[in-house]
Amino acid sequence: MDWFPLYNSLRIAAISTAAVFFLGIWAAYYIAKLPRLVKGALDVVLTLPLVLPPTVVGWLLLMLLGPKRPLGAWVLEAFDVKLVMTWWSAIFATIVVAFPLMYRTARGAFESFDQNLADAGRTLGRSNTWVFWRVQMPVCKQGILAGTVLAFARALGEYGATSMIAGYTPGRTATISTTVYQLWRTNDDAGAARWVLVNVAISAVFLLAVNLLETRQRQTRKGVR
Amino acid sequence: MALSVNIRKKLGSFQLEVQFDAEQGIPLALLGASGCGKSVTLRCIAGILKPDEGQITLDGVVLYDSAAGIDLPPQQRRVGYLFQQYALFPNMTVRQNIAAAVRDRKARAGVAAEKLRQFQLESVADLRPDQLSGGQQQRCALARILASAPRVILLDEPFSALDSYLQDQLEVELAQTLEQFSGPVVWVSHDRGEVFRNCPQVCVIDRGTSQPVTSLEELFRNPGTEAAARLSGCQTCIRAVPGGDVVSLPDWGLTLSCRRSVPPEIRCVGIRAQHVHPAAPGEENAFLCTIVRQIQNETADVILLRPEGSAPQAPLLRMELAAHTRFPEDRITVAIAPQDILLLH
């Protein structure tokens, strides 16, 4: 069995989760401070990929990154790099669809953060950066972690936009989800079933890890009292 | 060494206009009802909120000056702010919380150890804030503030997060800590007892507007406004019409002598419960009242009285007497000495 789709899926999900982690937190931090009207408008735009069909996201991305489209043509011209139909093209798709999950959970966590803690840090002479990384992030750890896990899971399972922007080339752009589709399409049910099992196993391990993490946190908190 | 504040700020329909000076060694109380702008004032001093205009100076250093365009960030103001719920960092131990406030990296561990000892927190140094008792949390917050070497200490309702039985003991501790502090102290409170015990100087804030700083005795003897009178414990305030050296109280159908000329701008008089007493024969300012209710307190009784000739919705008069006083009838003649009538704007 060729394990490339597993390796490819994992690296795409890992890279896009890392990107979405910082992008989502950055957006949540600054957007939480904006006036309500601007916040509402940005919220709609940034959450849209969560509710749009992945094929719509894929089409929009192709309209932007395709070799004959503005950004894609410019990058091709300037760097001689094609943005679509490579293994890392899928990262664009997974970033866009996973971003709203990270952004929304992080924003929820930041909004329930007690602003007095930040103010206390600042009156004690600590920089905003220190307060953010040493107080706000640890206090909001659970929400941030939940967002990261959701974003990773979503990125790992992405199919629609990925298949449009990266296609399916065995050994080059194939991911678990596109492989399952391809194997089923070619009547290789046994092959498809193997990848389905792999996918289920990864998801189960993931959810188990999240559950363990949660119970451990609950226990440390209980031990406190 | 003094803090000087003169600021204005609009928050929605609420207008804050506060002016006071606090000197070293004399804790100044900002006394006001909930929502009068006390906490907003502290936040402006700390640099967390920005006033619309005015000046704030501390030891000659300008912290904020709208005209000169100066607005120091909170990090540079050196203001020790004790938050209502203490705002201890929940992800850090007591020791880390205190160390976080020390600016000099090399001195951090030493100062933290010294403050832990000084505030008797050594036994809980490695616990997190939610494992501490309320009193320990307050000590930790104070230790953290002092570790940051502040030039002024701001206390925002320091006992609001504590059970009342803890307050008596902690108040003594807090007072001792503040005595050793060599800068101005601003103590925000809505509790006059707390203020009377701890702050010789008082600035009353009424719906966003500060009144001149007065001494405690002055606040008690001559509060000046109805808000100040109520905050100083005077529960009976009633509409009054000045008339030379008497005031007439239309709600009670009474005219009382003040034995001093009553300024024409007086709108209200205050009568403290402890200044009302059963009238001696022939006493001035005596009038007949119906006893409405007798409220028993630990050391004294409060008797609610309705003066004869009261309008139907008129406020009741309160009289404080020794506990368990018995009244033979349901009516009594009481009197108020002219000098005890508080003339209020």
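Source: prediction; values computed, not measured.

Definitions and cut-offs
Residues numbered from 1 in each chain as written. Chains lettered and ligands numbered in written order. Predicted model: local features only at pLDDT ≥ 70, side-chain atom pairs only at ≥ 80, totals over all residues. Helix = DSSP H or I, 4+ residues; strand = E, 2+ residues; numbered from the N terminus. Buried ≥ 20, exposed ≤ 12 C-beta atoms within 10 Å, placed from the backbone. Contact = placed C-beta atoms within 7 Å. Domains from an automatic or database assignment. Nonpolar A, V, L, I, M, F, W, Y, C, P; charged D, E, K, R; others polar. Core = buried A, V, L, I, M, F, W, Y, C linked by C-beta atoms within 7 Å. Axes fitted to C-alpha atoms, helices over the stretch in contact; angles between N-to-C directions. Left-handed = near helix turned anticlockwise from the far one by under 90°. Pairing = 2+ DSSP bridges. pLDDT = per-residue confidence, 0-100. Expected span 1.5 Å × (residues − 1). Parallel < 35°, antiparallel > 145°, perpendicular 65-115°, else oblique.

Participant: Explain the overall build of chain A to me, using residue names and the numbers behind them.
Facilitator: Across its full length, chain A carries eleven helices and zero strands. Reading the secondary structure of chain A in the N-to-C direction produces α-α-α-α-α-α-α-α-α-α-α. Each principal axis of the C-alpha atoms in chain A carries an extent, and together these give about 65 × 45 × 30 Å. Here chain A holds 225 residues, and 36% of them are scored as buried. Across chain A, the fraction of contacts at a sequence separation of at least 24, relative to all contacts at a separation of at least 6, is 73%.

Participant: Go over the domain arrangement of chain B, please, and point to the residues and values.
Facilitator: All names here are of chain B. Domain boundaries in chain B define domain 1 (2-231) and domain 2 (236-344). With centres defined by C-alpha atoms, the gap from domain 1 to domain 2 works out at 38 Å. Taken together, the contacts link six residues of domain 1 with five residues of domain 2. In terms of residue class, the side of domain 1 that touches domain 2 is made up of two nonpolar, two polar and two charged.

Participant: Give a description of the nonpolar core that names residues and reports values.
Facilitator: Grouped together as the largest cluster of nonpolar side chains are 136 residues, with contacts concentrated most on Leu-28, Leu-154 and Val-186 of chain B. The leading source of residues in this core is helix H5 (residues 89-111) of chain A, at 15 residues. Taken domain by domain, the makeup of this core includes at least three residues from each of domain 1 (2-231) and domain 2 (236-344) of chain B. Residues contacting Leu-154 of chain B, with those up to four places away along its chain left out, are Leu-42, Ile-45, Ala-46, Val-79, Gly-80, Tyr-81, Leu-82 and Val-186 of chain B.

Participant: So what's going on with the interface of chain A and chain B? Residues and values would help.
Facilitator: In this complex, chain A contributes 14 residues to the contact, which on the side of chain B involves 20 residues. When contributions to the side of chain A that touches chain B are tallied by element, the ones reaching two or more residues are helix H6 (115-123) and helix H7 (128-139) of chain A. Residue contributions to the side of chain A that touches chain B peak at six residues, all from H6 of chain A. Class assignment for the residues of the side of chain A that touches chain B results in seven nonpolar, four polar and three charged.

Participant: Please provide a residue-by-residue account of helix H1 (residues 38-46) of chain B, values included.
Facilitator: All names here are of chain B. The buried fraction of H1 is high, at nine of nine residues. Within H1, burial applies to Lys-38, Ser-39, Val-40, Thr-41, Leu-42, Arg-43, Cys-44, Ile-45 and Ala-46. Phi turns positive one or two residues past the end of H1, at Gly-47, with a value near 90°.

Participant: Summarise the packing of H6 of chain A against H7 of chain A; cite the residues concerned and give the values.
Facilitator: When two helices pack together, their arrangement is given by the angle between the helix axes and the distance between those axes. All names here are of chain A. Packing of H6 against H7 leaves a shortest axis separation of 10 Å and a crossing angle of 145°. Considering how the two elements wind past one another, H6 and H7 form a crossing that is right-handed. Side by side, H6 and H7 meet where Leu-117, Ala-118, Gly-121 and Arg-122 of the first sit next to Asn-128, Trp-130, Val-131, Val-135, Gln-136 and Val-139 of the second. Along the lines of polarity and charge, the residues of the contact of H6 with H7 split into six nonpolar, three polar and one charged.

Participant: Please set out unusual backbone geometry residue by residue, giving values where relevant.
Facilitator: A positive phi angle, close to 65°, is found at Asn-187 of chain A, a residue other than glycine. Along the polypeptide, Asn-187 of chain A turns up in the loop between helix H10 (176-185) and helix H11 (189-224). Accessibility expressed as a C-beta count within 10 Å gives 9 for Asn-187 of chain A, which makes it exposed. A positive phi angle, close to 75°, is found at Tyr-86 of chain B, a residue other than glycine. Along the chain, Tyr-86 of chain B turns up in the loop between strand E7 (79-82) and helix H2 (94-99).

Participant: Please provide a residue-by-residue account of the pairing of E7 of chain B, values included.
Facilitator: The two faces of a sheet get side chains in turn, since along a regular strand they alternate between them. All names here are of chain B. Of the two faces of E7, the one carrying Val-79 and Tyr-81 and the one carrying Gly-80 and Leu-82 are both buried. Summarising the sheet, E7 and strand E8 (residues 152-156) pair through four bridges and their orientation is parallel. Bridge pairing in E8 links Gly-80 to Ile-153.

Participant: Which residues make up the sheet that holds strand E16 (residues 254-257) of chain B, and what are the values?
Facilitator: Residues and elements named next belong to chain B. A sheet is described by the order of its strands in space; here three strands give the open sequence E14-E15-E16, paired in antiparallel fashion. On the outer flanks of this sheet lie strand E14 (241-243) and E16, each paired with one strand and no other. Neighbour to neighbour, the strand axes of the sheet diverge by 25° on average, direction disregarded. Where strand E15 (residues 246-249) lies against E16, four bridges are found, and the strand directions are antiparallel. By the bridge assignment, Val-247 is partnered in E16 with Leu-256.

Participant: Go over the confidence of the model for chain B with me, naming the residues and quoting the values.
Facilitator: Residue and element names in this part refer to chain B. On average, residues of chain B score 91 in pLDDT, and 100% of them are at 70 or above. At the low end of the mean pLDDT range in chain B sits helix H5 (residues 164-179), at 87; at the high end sits H2, at 96. Prediction confidence for the complex, expressed as pTM and ipTM, is 0.82 and 0.85 respectively.

Participant: Account for the sheet that holds strand E20 (residues 300-307) of chain B, with residues named and values stated.
Facilitator: Residues and elements named next belong to chain B. Strand order in this open sheet of five strands is E18-E22-E19-E20-E21, and the pairing throughout is antiparallel. For this open sheet the edge positions go to strand E18 (276-278) and strand E21 (317-322), each flanked by a neighbour on one side alone. Taking each pair of neighbouring strands and ignoring which way they run, the sheet shows an average axis angle of 50°. Pairing of strand E19 (residues 286-296) with strand E22 (residues 331-336) involves five bridges; the strand directions are antiparallel. Within E22, the position partnered with Thr-290 by the bridge is Arg-331.

Participant: Break down helix H1 (residues 4-31) of chain A for me, with residues and values.
Facilitator: Relative to the 40 Å expected for 28 residues at 1.5 Å per residue, H1 of chain A spans 39 Å between its end C-alpha atoms, a close match to the ideal helical length. Turning to H1 of chain A, its buried residues number three or more, namely Pro-5, Asn-8, Ser-9, Ile-12, Ala-13, Ser-16, Thr-17, Val-20, Gly-24, Ile-25, Ala-27 and Ala-28 of chain A.

Participant: Explain the packing of H1 of chain A against H5 of chain A to me, and be specific about the residues and the numbers.
Facilitator: Residue and element names in this part refer to chain A. Two numbers describe how H1 lies on H5: the axes approach to 7 Å, and their chain directions differ by 40°. The angle between the axes of H1 and H5 places the two elements in the oblique class. Seen along the crossing, H1 lies across H5 with a hand that is right-handed. In terms of residue class, the contact of H1 with H5 is made up of 21 nonpolar, four polar and one charged.

Participant: Can you tell me about the environment of Arg-78 of chain B, naming the residues and giving the values?
Facilitator: Residues and elements named next belong to chain B. Structurally, Arg-78 can be placed in the loop between strand E6 (70-71) and E7. Taking the C-alpha atoms as reference points, Arg-78 and Pro-223, separated by 145 residues in sequence, lie 33 Å from one another. Excluding residues that lie within four positions of it along the chain, Arg-78 makes contacts with Pro-150 and Arg-151.

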